[in-house]
Amino acid sequence: MTAPPELDFASLGAHPSLQRALTQRGYLAPTPVQAAVLGAPDCDLLVSSQTGSGKTVAFGLLMGRALLQDAETFVQGTHPRALIILPTRELAAQVQRELGWLFATTRARLVSCTGGTDLRLDARALKRGAEIVVGTPGRLVDLIERKCLQLSSLEMVVLDEADEMLDMGFREALEILLEASPKARRTLLFSATLPKTIQAMARRYQKDALSIDPRSGAPTAHADIQHTAHLYARGDRLATLVNILRLADEERTLIFCRTREAVAELHQQLLQRGFLVTAISGDRAQHERNHALEALRSGRVRLLVATNVAARGIDLPDLGVVLHADLPENGESLTHRSGRTGRAGKKGQSIFIVEEGAQRKAERLFASAHLRLHWTAAPNAESVAAHHRKRLEAELSATPMLHQEVSAFAAELLLRQDATTLLTALLARALQAQPKGEVLKPISPPAIKRAKSPLPVGGAMRAFEVNLGLKDQAVANWILPLICRRGGITRREVGAIRVARDRTYFEVAAEVAARFAETAHARDPRAPHVRIGPATAPMPTRSFAHTKLPRSAPPHRASRAAIS
Ligand code: AMP
């Protein structure tokens, strides 16, 4: 069967130099927002988009197409041709990095101008010339007023995280920048939410903008794949896999492990449990690989265990399920693995299993592949039994084959025995012949559910600290969501919060403290400078000089970015 005509960057008209950069990075399929904006006509756009949606590459690709046209590289001029306005220094650095690799071979000069840095450096960089300028509103206005920045050659203006900029009080600065830009420019407005203020701004500064909400049905390469994530208790990995495979017993399934050793081990374990399974890993001879693939294609086996490398480039028959026995290394690998199913318009399933405690890490992985998954309990022995009953019922209600001899025997038995007793005995026999599901250990409910359970009153607490304090204008009510987000816990699991000069101490319920410590310790790429760890000093009895700060003081700009 031929592969479906999946959307790719070439078919969406991305510039060839940028396409090469994407391929080198392993980004083969566009995200929904990329597919939607590249597929739109060349007009102003009002795009609903979240961080993590791939929006930076989306506007980068539009920029590349509009500014380069048929040229391979930029003809370097004096004034910028594109301006990206965004709310924070962190976001500017992120966007500059992202466009840096995307435009690497095009000789584009990218200059970033953000508050909190030496303005003279920005002025010097702009004087040397820039094709694309990325900056925060206040600094850009300063540079215009000092005549260091000229907007007269702009062909495209992007407002990134526009709602955030309005919330932060940048409205006036944005108006100055938009008024100073040429009327004939294209304006792209990206915003997570579209409140009235944003809509009013769009009406005033955009021309017949096309609204795009990629979540509302733009085609995606993997629209036919249903993703599921299950948590399992320590020691239950194999049992969880077995139960999932018992439920998917009619589907051809590709099972991914990280290493050759893991492939060999799981292959053996599944054989021992009676599954028709084969395996390939890089070290097998070619004829063995062919043999394994032939077994899968002919239907002699239903399951194939493989590493990413072994599965790459091989033409597998229709797969109903991709099962990740080990989590993929990163978002790209996840997308590649899952893309082995859901092909040619058929529905496919991609199933992840995650050990309790690694939930937060897995969520980061899913987010990097633009997935937001709901955690569901792994199928247990009862689910497997229920599945067998359902299948048996379906088999029995299918048109029966009429065997005269059997019918006569049935009639004879019914003369001697009660029908219910007979049927029960027959069903019991049929069900007994089915393989049993594995009994799983209970897991503590995932974080989402924990939110509903009350904090143990007077329960033991552990002290932690985060390196944001009074110097960052920290206050408890914006530190709290940061703690919860970074550690995957709920507000009910956080006790006292004490803001000190250069850090904030806080308590976490002892029963979730170990998991919290592990999850919160992981670096958050959006706010790499924010670090959380066990308290290095005793918890103060009250917040330091709390009264000096207005309770509702808006957090410091950079810190706001850290909690968003
Ligand atoms: P953004 O929403 O722009 O912050 O992007 C989030 C992350 O997604 C960044 O690390 C990008 O490099 C990555 N990304 C962008 N486009 C793709 C793609 N087509 N496939 C996989 N990852 C992507």
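Up top you'll find the structure we're talking about.
Residues numbered from 1 in each chain as written. Predicted model: local features only at pLDDT ≥ 70, side-chain atom pairs only at ≥ 80, totals over all residues. Heavy atoms only, no water.

This next bit is on the sheet that holds strand E18 (residues 532-534). Here 4 strands make up an open sheet; going across it, the order is E16-E17-E15-E18 and the pairing antiparallel. Every other strand in the sheet has two partners, leaving strand E16 (494-499) and E18 as the edge strands with one partner each. Sheet twist, expressed as the average angle between the axes of neighbouring strands with direction ignored, equals 25°. Bridge analysis of strand E15 (residues 461-466) against E18 gives 3 bridges, and the strand direction is antiparallel. (Pairing = 2+ DSSP bridges. Helix = DSSP H or I, 4+ residues; strand = E, 2+ residues; numbered from the N terminus. Axes fitted to C-alpha atoms, helices over the stretch in contact; angles between N-to-C directions.)

Two elements in contact, helix H5 (residues 119-128) and helix H6 (residues 137-145), have axes whose closest approach is 11 Å; the angle formed by their N-to-C orientations is 65°. Relative to H6, the element H5 is oriented roughly perpendicular. Along this stretch, H5 crosses H6, giving a crossing that reads as right-handed. Counted together, Leu119, Asp122, Ala123 and Leu126 of H5 and Arg139, Asp142 and Leu143 of H6 form the full contact between these two elements. Among the residues forming the contact of H5 with H6, the class breakdown is 4 nonpolar, no polar and 3 charged. (Parallel < 35°, antiparallel > 145°, perpendicular 65-115°, else oblique. Left-handed = near helix turned anticlockwise from the far one by under 90°. Contact = heavy atoms within 4.5 Å. Nonpolar A, V, L, I, M, F, W, Y, C, P; charged D, E, K, R; others polar.)

Our focus in this paragraph is the nonpolar core. By size, the foremost hydrophobic cluster in this structure holds 42 residues, and its most contacted members are Val37, Leu61, Met63, Ile84 and Phe103. A per-element tally of this core places helix H3 (residues 55-68) first, with 8 residues. Among all residues touching Phe103, those that are not within four sequence positions of it are Leu18, Gly60, Met63, Gly64, Phe74, Ala108 and Ile132. Judged by nonpolar contacts, the second largest core, of 33 residues, contains Leu119, Ala125, Val141 and Met168. (Core = buried A, V, L, I, M, F, W, Y, C linked by side-chain atoms within 4.5 Å. Buried < 20%, exposed > 50% of the residue type's maximum accessible area, 1.4 Å probe, protein only.)

Okay, the pattern of salt bridges next. Under the criterion given, the structure shown has 20 salt bridges. A salt bridge links Arg171 to Glu175; the nearest nitrogen and oxygen atoms lie 3.3 Å apart. Taken together, the residues span about one helical turn, with Arg171 and Glu175 both in helix H8 (residues 171-180) at a distance of 4 residues. A relative accessible area of 18% means that Glu175 is categorised as buried. Each of Arg171, Glu175, Glu179 and Arg204 takes part in salt bridges that share partners, so that together they form one network. (Salt bridge = Lys/Arg side-chain N within 4 Å of Asp/Glu carboxyl O.)

Let's shift gears to the packing of aromatic side chains. For the structure on display, the rule yields 7 aromatic pairs. Judged by centre distance (5.4 Å) and plane angle (65°), the ring pair of Phe59 and Phe190 falls under edge-to-face. Separated by 131 residues along the polypeptide, Phe59 in helix H3 and Phe190 in strand E6 (residues 186-191) bring together distant segments of the chain. On the numbers, 6.3 Å between centres and 40° between planes, the contact of Phe74 with Phe103 is tilted. Of this pair, Phe74 sits in the loop between H3 and strand E2 (82-85) while Phe103 sits in the loop between helix H4 (89-102) and strand E3 (110-113), and the two are 29 residues apart along the sequence. Judged on exposure class, the residue Phe74 and its partner Phe103 are both buried. One aromatic cluster in this structure is built from Phe464, Phe506 and Phe516. (Phe/Tyr/Trp six-rings, centres within 6.5 Å; stacked < 30°, edge-to-face > 60°.)

Attention shifts here to the packing of helix H2 (residues 32-39) against H3. Interhelical geometry of H2 versus H3 gives an angle of 25° and a closest axis separation of 8 Å. By the angle between their axes, H2 is roughly parallel relative to H3. In the packing of H2 onto H3, the handedness of the crossing is right-handed. Taken together, the residues of H3 that come into contact with H2 (itself represented by Val33, Gln34, Val37 and Leu38) are Lys55, Val57, Ala58, Leu61, Leu62 and Arg65. Of the residues belonging to the contact of H2 with H3, the class tally is 7 nonpolar, 1 polar and 2 charged.

Further remarks concern H6. Along H6, the positions that sit buried rather than exposed are Pro137, Arg139, Leu140, Val141, Leu143 and Ile144. Its buried side turned inward, H6 meets E2, E3, H5, strand E4 (132-135), helix H7 (162-167) and H8. In the segment just after H6, Lys147 is the residue with positive phi, at about 60°.

Next up on the list: the site of the ligand. Around the ligand sit 15 residues, and of these Tyr27, Gln34, Gly54, Thr56 and Glu98 come closest. In this structure, Tyr27 approaches the ligand through a side-chain N or O atom, which is 2.7 Å from an oxygen atom. Between the ligand and the protein, one listed contact pairs an oxygen atom with a backbone N or O atom of Gly54 at 2.7 Å. In isolation the ligand offers 500 Å² of accessible surface; the protein chains occlude 83% of this area. Elements with a minimum of two residues in the shell around the ligand: H3 and H4. Of all the elements, H3 adds the most residues to the shell around the ligand, at 3 residues. Residue composition of the shell around the ligand, by class: 4 nonpolar, 9 polar and 2 charged. (Near = heavy atom within 4 Å. Polar contact = N/O pair within 3.5 Å; in protein donor to acceptor, adjacent residues only side chain to side chain. Areas by Shrake-Rupley, 256 points an atom, 1.4 Å probe, with all protein chains shown as cover.)

What follows covers the pairing of strand E8 (residues 225-232). For E8, a buried count of 7 out of 8 residues is recorded, marking the element as mostly surrounded by other parts of the structure. When E8 meets strand E13 (residues 348-355), the two strands line up parallel, connected through 8 bridges. If you follow His227 over to E13, its bridge partner there is Ser350. Looking at chain direction, E8 and strand E14 (residues 375-377) are connected through 3 bridges and run parallel.

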